[in-house]
Amino acid sequence: MNQVEQMLGLAQRARKLITGEELVIKAVRQGQVHLVILAGDASPNTRKKVIDKCGSYEVSFTTYGDRLTLGAALGKEQRVVIGVTDAGFAARLTQLINQ
């Protein structure tokens, strides 16, 4: 497990993540999300919907791993969309992913 996945696990335990397309989009609308992480194997439809919503509300987003990797990092089943609600975690994850 690399640093990105460890940081996601830590954020999950700190309850600073929202998972699931609908919940993340709702949180983006409400201004609760600082970063959206999208699985590399997200469907084109999901990808477009999430990226458009992030663009509208000026929320940064990034792509990382695949749905199995993201799910495993959170200790859950497959996850395609993750919203990070804490600015500190969002900044650190962005830094780690873009290394």
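Structure: above.
In this report, the structure presented in the accompanying data block is examined.

What counts as what
Residues numbered from 1 in each chain as written. Predicted model: local features only at pLDDT ≥ 70, side-chain atom pairs only at ≥ 80, totals over all residues. Heavy atoms only, no water. Pairing = 2+ DSSP bridges. Helix = DSSP H or I, 4+ residues; strand = E, 2+ residues; numbered from the N terminus. Axes fitted to C-alpha atoms, helices over the stretch in contact; angles between N-to-C directions. Contact = heavy atoms within 4.5 Å. Buried < 20%, exposed > 50% of the residue type's maximum accessible area, 1.4 Å probe, protein only. Polar contact = N/O pair within 3.5 Å; in protein donor to acceptor, adjacent residues only side chain to side chain.

### Considerations on the sheet that holds strand β3 (residues 60–63)
Adjacent strands of a sheet pair through backbone hydrogen bonds, lying either parallel or antiparallel.
Here is step 1: Spatially, the four strands line up as an open sheet ordered β1-β4-β2-β3, and their pairing is mixed. What marks the edges here is a single partner per strand, and that holds for β1 (17–19) and β3. Neighbour to neighbour, the strand axes of the sheet diverge by 20 degrees on average, direction disregarded.
Here is step 2: Summarising the sheet, β1 and strand β4 (residues 81–84) pair through three bridges and their orientation is antiparallel. Residue Thr19 lies in a different strand from β4, and its bridge partner there is Ile82.
Here is step 3: The strands touched by helix α3 (residues 44–56) are β2 (35–38), β3 and β4; relative to β2, the strand with the most contacts, the crossing angle is about 165 degrees.

### Thoughts on helix α1 (residues 3–13)
Here is step 1: Regarding α1, the residues found buried are Val4, Glu5, Met7, Leu8, Gly9 and Ala11.
Here is step 2: Lining the buried residues of α1 we find β1, β2, α4 (67–74), β4 and α5 (87–97).
Here is step 3: At the N-terminal boundary of α1, the capping side chain belongs to Asn2, with an oxygen 3.1 Å from the backbone nitrogen of Val4.
Here is step 4: One or two steps after α1, the chain reaches Arg15, where phi turns positive at roughly 60 degrees.

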